[in-house]
Amino acid sequence: MKYTSVTEAVKEIKSGDRVYVHAAAATPTFLVSELSKRAHELRDVEFCHIHTSGNAEYANPAYKDSFFVNSFFLGANVRHTIKEGNGSYLPIFFSEMGKVIRTELNVDVVLIQISEPDSHGYCSLGTSVENIRAAIETSRVVIAQVNKYMPRTFGDGILHISTITHLVEHHQPLDILDNGNITEEEAKIGNYIAELIEDKSCLQLGIGSIPNAVLNNLKNHKGLGIHTELFSDGIVPLVKSGVITGEHKKLLKGKIVSTLAHGSQLLYDFIDDNPGVEMRDASFTNDPAKISQNNRMVSINSAIEVDVTGQVSADSIGSRIFSGVGGQVDFIYGSSLSKGGKSIIALTSTTAKGANKIVPFLKQGAGIVTTRAHVNYIVTEYGVANLFGKNIRQRVKAMAEIAHPDFREQIEKEYFEAISS
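Residues numbered from 1 in each chain as written. Predicted model: local features only at pLDDT ≥ 70, side-chain atom pairs only at ≥ 80, totals over all residues. Heavy atoms only, no water.

Draft legend 1. Geometry of the packing of helix α13 (residues 392–401) against helix α14 (residues 408–420). Interaxial distance between α13 and α14 falls to 8 Å at its minimum, and their mutual angle equals 155 degrees. Taken together, α13 and α14 sit at an angle that is classed as roughly antiparallel. Taken as a pair, α13 and α14 cross one another with a handedness that is right-handed. Listed contacts from α14 to Ile392, Arg393, Val396, Lys397, Ala400 and Glu401 of α13 are Arg408, Glu412, Tyr415 and Phe416. For the contact of α13 with α14, a count of residues per class yields 5 nonpolar, no polar and 5 charged. (Axes fitted to C-alpha atoms, helices over the stretch in contact; angles between N-to-C directions. Helix = DSSP H or I, 4+ residues; strand = E, 2+ residues; numbered from the N terminus. Parallel < 35°, antiparallel > 145°, perpendicular 65-115°, else oblique. Left-handed = near helix turned anticlockwise from the far one by under 90°. Contact = heavy atoms within 4.5 Å. Nonpolar A, V, L, I, M, F, W, Y, C, P; charged D, E, K, R; others polar.)

Laid out in structure tokens, this is it:
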């Protein structure tokens, strides 16, 4: 086997290289940290990735001559790079990231984290398949952090060590995701969404307090399935209690399908060597044509701000890039094509500081991730607005009804005054 020291492995990176980094719970933080130590001897190395975990030392503005961050989806650890000038944002649908890696980006080096190889030399990408195979198959060098804590998962994440240039053994528990406490407002949102979900539905929902609030309200549902891009601990008790069975799915019947898993050790133990979980490439999980094959497909996504006509800003706060396009549009479109499908945008009516999120007009510079033509249901703690088939005047009224009471009159007045002037 090709085991080597981390020092020798990261010497493969040269000035001017483009490095793709494995995402989420699979971020190879040991490799990333060691590579960052070479900042003094490297220039113009570009890091590409979606959301990663860990400190991301390479994102330090002090290293701007050495490292540049090209994010497909920003996390808190690299968000500052946009303002500081040592990073930028590549807006793209999650379903097309593999395509852009293969056709537009020449990846030189890939840093991944894998399970220990089995007796046949096969290892697993574990919690994060995402678009990493496209990077592995097109790169010059593949460096893998071998970690006994990485669960072995089924699907597209199986690799043979012959495809890996360097194996670096370093064992550490995976990143634990704190989903936070569910607020009273989020609990109400979860209840409203649960009422929209029929038995035998197939769900896409991410991580965080609102998805957990939804899951908490599904204990009496029957025959649910999962086809998503990301999931966390919340589905585990519903699988064990028989609520999530996947028996009514049309695509990969009986399987939980995802491309990312990020949560606690409970989740990692659940997916380890579990044939009921298929971790697939994002080009599969996020393909609207595949998503739509499941009947009663329900997509549940979040937003930063929504205007009264249904335009959804989900990747920026005004002109400030906050996250990314991700898979929101992939799943909204896929669910709209599904027989009996529903797409849901969920958000609290105000920010933690009391600012309105249901607005007459989006902030200047805000990116529209989901258009008003795509939108179906929008849910806040004040209720559900079904915008499908509604004209603009009807939409404004429906959106005002689910806004915070302090802003309802103002919302309608400002919008209609503006369009009539």
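Draft legend 2. Up close: the nonpolar core. Ile13, Tyr58, Ile143, Val306, Ile378 and Met399 are the most contacted members of the largest nonpolar core, which has 52 residues in total. The residues contacting Met399, other than those within four sequence positions of it, are Val306, Asp307, Val308, Ile358, Ile378, Ala385 and Leu387. Core analysis: the next-biggest nonpolar cluster, separate from the first, contains 38 residues, Val298, Ile344, Tyr377 and Val379 among them. (Core = buried A, V, L, I, M, F, W, Y, C linked by side-chain atoms within 4.5 Å. Buried < 20%, exposed > 50% of the residue type's maximum accessible area, 1.4 Å probe, protein only.)

Draft legend 3. Spatial organisation of the packing of helix α6 (residues 184–196) against helix α7 (residues 209–216). Axis separation between α6 and α7 bottoms out at 7 Å; the angle between their running directions is 55 degrees. The pairing of α6 with α7 is recorded here as oblique in orientation. The hand of the α6/α7 crossing is right-handed. Residues Glu186, Ala187, Ile189, Gly190, Ile193 and Ala194 of α6 touch α7, and the partners they reach there are Ser209, Ile210, Ala213 and Val214. In the contact of α6 with α7, the residues fall into 7 nonpolar, 2 polar and 1 charged.

Draft legend 4. Representation of unusual backbone geometry. You will see that Lys200, though not glycine, has its phi angle at about 75 degrees, which is positive. Within the fold, Lys200 resides in the loop between α6 and β11 (202–205). Non-glycine residue Leu252 carries a positive phi angle of around 55 degrees. Within the secondary structure layout, Leu252 lies in the loop between α8 (235–240) and β14 (256–258).

Draft legend 5. Region of the structure containing the sheet that holds strand β16 (residues 277–279). With parallel pairing, 3 strands are arranged side by side in an open sheet as β8-β16-β14. Whereas interior strands pair on both sides, the edge strands pair on one side only; in this sheet they are β8 (154–155) and β14. In this sheet, β16 lies alongside β14 in parallel orientation, the contact comprising 3 bridges. If you follow Ile256 over to β16, its bridge partner there is Val277. (Pairing = 2+ DSSP bridges.)

Draft legend 6. Here's a closer look at α7. The buried count for α7 comes to 7 of 8 residues, which makes it a mostly enclosed element. Buried residues in α7 make contact with α6, β11, α8, β17 (297–302) and β22 (342–346).

Draft legend 7. Just the side chain of Gln328, in detail. Turning to its location among the elements, Gln328 is positioned in helix α12 (residues 328–337). Every residue in contact with Gln328, bar those within four places of it in the chain, is listed here: Asn301, Ser302, Val312, Ala314, Ile345, Val369 and Thr370.

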